[in-house]
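Per-entry structural report
Chain residues, written in single-letter form:
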Amino acid sequence: MKNSENKVVLITGASSGFGKLTAEKLLAAGGWEVYAASRRIEKMRGLEKKGARVIKMDVASSKEVNAGVGRIIREQGRIDALLSNAGYGTYGMIESVPLEEILHQYEVNVFGMARVLKAVLPRMRKQRSGRIVLTASMVSRISTLGLGWYASTKHAVRAMGIALRQEVKELGIDVVMIEPGAVKTGFDAVALGMLRRVKHPGDYKKYAKGFGRLLSDAYRRSPGPESTADCMVKAITAAKPKTVYKTTIDAKVIPRVLALITDKLFDRFVLSSVKKAAKKKNAG
Ligand SMILES: NC(=O)c1ccc[n+]([C@@H]2O[C@H](COP(=O)([O-])OP(=O)(O)OC[C@H]3O[C@@H](n4cnc5c(N)ncnc54)[C@H](OP(=O)(O)O)[C@@H]3O)[C@@H](O)[C@H]2O)c1
């Protein structure tokens, strides 16, 4: 039932991690009709009990995206905010990741975002108001061996987001980007699982092994989703949001440090770290 007092938000990727926690925080704060979207609706039953409206949406399907957004407009007559957050990581060397997987990575992280934006923007333009929050990443600014395809999708998100921010600024729509570093959610299990499944030619094996160990280690030491979800809530609710929220220490520091060193020094650092990790005895 429509509650005209409340603002309306659509969150994609709401069955886990950042999206789920942000939905919980908005529901707890009150004043929001939260539409929680993802493929695994059974994982959103808890949100539903707290008052969210659940939508089964694979962002790789135009039909499901358009049906989901159509339902919100039918039920509420408006969409005040979008958190376009659905995504996952395909880890593996550039040559080794199968083409179908590269295409699917783009279908979800880039074209999925395009589908949701194209469904939501006409309504926001009509309203002359709206808030669009895009989950980018620290790797929208940097890249290393082993995460090139994933990082390339987040570079695409950042480039698209900057353009959109300028295009809709005078229409009353704010575009905000979220840049987390490594954070413990469901993300690492998917990305590292992918790395294990990819068949790497012998030439790349030591890199894949070292990269996997370094990343597993980074995720073991990484923070939980709290600070990122807090930034997402700010990005959705603040009267004057920042253009970008870097939500973890690594996301704040690493791109700045890398801007100070040469590409060749960066390459040497990455290769030596990865090879050292590959050789380490008793590593997990
Ligand atoms: N955690 C990190 O270290 C990190 C760092 C930087 C950026 N990010 C980005 O943060 C976003 C959220 O990830 P997370 O860390 O919260 O990971 P997560 O816990 O694995 O959550 C990912 C969410 O995306 C949804 N999703 C995946 N594929 C989808 C598809 N085809 N259609 C619709 N929804 C889909 C998943 O839902 P279903 O599987 O139920 O569909 C899930 O709700 C992603 O864009 C990720 O790239 C994560």
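Everything that follows concerns the structure shown earlier in this document.
About the cut-offs
- Residues numbered from 1 in each chain as written.
- Predicted model: local features only at pLDDT ≥ 70, side-chain atom pairs only at ≥ 80, totals over all residues.
- Heavy atoms only, no water.
- Salt bridge = Lys/Arg side-chain N within 4 Å of Asp/Glu carboxyl O.
- Helix = DSSP H or I, 4+ residues; strand = E, 2+ residues; numbered from the N terminus.
- Buried < 20%, exposed > 50% of the residue type's maximum accessible area, 1.4 Å probe, protein only.
- Pairing = 2+ DSSP bridges.
- Right-handed = clockwise from strand over helix to strand, strands pointing away.
- Contact = heavy atoms within 4.5 Å.
- Core = buried A, V, L, I, M, F, W, Y, C linked by side-chain atoms within 4.5 Å.
- Near = heavy atom within 4 Å.
- Polar contact = N/O pair within 3.5 Å; in protein donor to acceptor, adjacent residues only side chain to side chain.
- Areas by Shrake-Rupley, 256 points an atom, 1.4 Å probe, with all protein chains shown as cover.
- Nonpolar A, V, L, I, M, F, W, Y, C, P; charged D, E, K, R; others polar.

Right, let's get into the pattern of salt bridges. Taken as a whole, this structure holds 15 salt bridges when the rule is applied. A salt bridge links Arg71 to Glu75, with the nearest nitrogen and oxygen atoms 3.0 Å apart. Taken together, the residues Arg71 and Glu75, both in helix α3 (residues 62-76) and four residues apart, mark about one turn of the helix. Classification of Arg71 as partly exposed rests on a relative accessible area of 23%. The class of Glu75 is partly exposed, set by a relative accessible area of 28%. Its salt-bridge partner being Arg115, residue Glu107 comes within 2.6 Å of it at the nearest N-O pair. One continuous salt-bridge network, built from bridges that share partners, spans Glu33, Arg53, Arg71 and Glu75.

A word on the pairing of strand β2 (residues 32-38). A large share of β2 lies buried, amounting to seven of its seven residues. With burial as the criterion, each face of β2 is covered, one bearing Trp32, Val34, Ala36 and Ser38 and the other bearing Glu33, Tyr35 and Ala37. With six bridges joining them, strand β1 (residues 7-12) and β2 adopt parallel strand pairing. In the sheet register, Val9 faces β2, and the bridge partner there is Val34. Running through helix α1 (residues 17-29), the crossover from β1 to the neighbouring parallel element β2 is right-handed. By the bridge criterion, four bridges tie β2 to strand β3 (residues 53-56) in an arrangement that is parallel.

With that settled, consider the environment of Ile41. By the element assignment, Ile41 lies in the loop between β2 and α2 (45-49). Accessibility expressed as a relative area gives 24% for Ile41, which makes it partly exposed. In contact with Ile41, other than residues within four places in its own chain, are Val54, Ile55 and Lys56.

Quick look at the nonpolar core now. Counting residues in hydrophobic clusters, the biggest one holds 33 residues, and the most contacted among them are Leu10, Leu82, Leu117, Val120, Ile132 and Leu134. Ranked by the residues each element gives to this core, the list is headed by helix α5 (residues 111-127), at seven residues. Look past the residues within four positions of Ile132 in its chain and what remains in contact with it is Leu82, Leu117, Leu121, Met124, Leu164, Ile173, Asp174, Val175 and Val176. Judged by nonpolar contacts, the second largest core, of 26 residues, contains Val9, Ala36, Cys231 and Ile236.

Here we come to the site of the ligand. Inspection of the region around the ligand gives 29 residues, with Ser15, Ser16, Arg39, Tyr150 and Thr185 positioned closest. Here Gly181 contributes a backbone N or O atom positioned 3.4 Å from an oxygen atom of the ligand. Within the backbone of Val183, an N or O atom sits 3.0 Å from an oxygen atom of the ligand. Protein chains shield 96% of the accessible area of the ligand, which is 870 Å² for the free molecule. Elements supplying a minimum of two residues to the shell around the ligand: α1 and α6 (148-168). Looking at side-chain class alone, the shell around the ligand contains 13 nonpolar, twelve polar and four charged residues.

The two faces of the sheet receive side chains in turn, since in a regular strand these alternate between them. With six of six residues buried, strand β5 (residues 130-135) is to be regarded as a mostly interior element. Here β5 shows no split at all, with Gly130, Ile132 and Leu134 on one side and Arg131, Val133 and Thr135 on the other all buried. Judged from the six bridges that link them, β5 and strand β6 (residues 173-179) form a sheet pairing that is parallel. When the bridges of β6 are listed, Gly130 appears paired with Ile173. You can see the chain leave β5, run along α6 and come back into β6, and the turn it takes is right-handed.

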